[in-house]
Amino acid sequence: MRILKTVVLSAFLFVAMYAVGFCSVDWSSVNLPIVKFMAKYYDVEPITVVSIGQRMEKYDDDPSVLLYLANEAKVDPFEFLEKRIEGKTWVELFKEHKIKLTPLFLEAGKNLPERFKYAYAQYAAHKNNPKYKMKLYDSNIRDLVQLNLLNKAFNLEPRSIMKSVNNGTSFAELIEQQLDKQEFQYEPEPKLEDTDIE
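Parameters and conventions
Residues numbered from 1 in each chain as written. Predicted model: local features only at pLDDT ≥ 70, side-chain atom pairs only at ≥ 80, totals over all residues. Heavy atoms only, no water. Axes fitted to C-alpha atoms, helices over the stretch in contact; angles between N-to-C directions. Helix = DSSP H or I, 4+ residues; strand = E, 2+ residues; numbered from the N terminus. Parallel < 35°, antiparallel > 145°, perpendicular 65-115°, else oblique. Left-handed = near helix turned anticlockwise from the far one by under 90°. Contact = heavy atoms within 4.5 Å. Nonpolar A, V, L, I, M, F, W, Y, C, P; charged D, E, K, R; others polar. Polar contact = N/O pair within 3.5 Å; in protein donor to acceptor, adjacent residues only side chain to side chain. 1 Å grid on protein atoms, 1.4 Å probe; cavity = no way out; pocket = protein on both sides within 12 Å on 5 of 7 lines; lining within 4 Å. Points joined across faces, edges and corners; volume = space filled by probe spheres on them.

Asker: It is not clear to me how the packing of helix H3 (residues 46–55) against helix H4 (residues 62–73) should be interpreted in this structure. Could you clarify?
Answerer: A pair of packed helices is characterised by two quantities: the angle between their axes and the separation of those axes. Where H3 meets H4, the axes come as close as 9 Å, and the angle between the chain directions of the two elements is 125°. Between H3 and H4, the interaxial angle falls into the category oblique. Considering only the axes of H3 and H4, their crossing is right-handed. Across the interface between the two elements, Val49, Ile52 and Gly53 of H3 pack against Pro63, Leu66 and Leu67 of H4. A class-by-class count of the residues in the contact of H3 with H4 yields 5 nonpolar, 1 polar and no charged.

Structural data, given as structure tokens:
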């Protein structure tokens, strides 16, 4: 019943935004493999992925973060879209909905690629002292969410993903490479009960 309500609300919000000119959807994008993948992975309609993506064009990985957060918080993705447009950071939205950040940190060993060193240093400081509040930026959240996506959806080693991204390959390129290799099959893991921000 909740899923039906979410689908109906999403459809209503999308139609409303379209009607008042907030978005002009590129309908041809709905059939792109990466759009279908994201829709299946996050259990939303492909048109939701496209419409969110077209309103979050500045950073390619933002739609994935938004859909991840919406799933974890059990909130319609368009509600988060409006909050992002209003200027909320990802960390603020995670905290507002009491979604843990720590599960996003996958075991990757020592001497991490440069792009991931700061975030993992913050995580290490928090592990050593649980009272320490991690200071993460939007760029860190994007990287961590996409790292998890590639690890869980395609069983790629976190360190291998990190090296590729650090060397200039985008997360979208990595996803497309995997989609070219195999048919996407994903069973979501049970939601964590503990949803503190740390």
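Having put the structure on the table, let's press on.
Asker: Please clarify how the side chain of Asp138 should be interpreted in this entry.
Answerer: Along the chain, Asp138 turns up in helix H8 (residues 138–154). Separated by 2.9 Å, the side chain of Asp138 and the backbone nitrogen of Trp90 make a polar contact. What Asp138 contacts, discounting residues up to four positions off in sequence, is Arg84, Thr89, Trp90 and Val91.

Asker: What exactly am I supposed to notice about the layout of surface pockets here?
Answerer: Empty space among the atoms becomes visible once a probe the size of a water molecule is rolled across them. If you add up the space inside the second largest pocket, you get close to 470 Å³. Together, 20 residues line the second largest pocket, and Ile34, Val35, Val49, Gly53 and Asp60 are the ones closest to its centre. When residues of the lining of the second largest pocket are traced back to their parent elements, those giving at least two are helix H2 (33–42), H3, H4 and helix H10 (171–181). Of the residues contributing to the lining of the second largest pocket, the split by class is 11 nonpolar, 5 polar and 4 charged.

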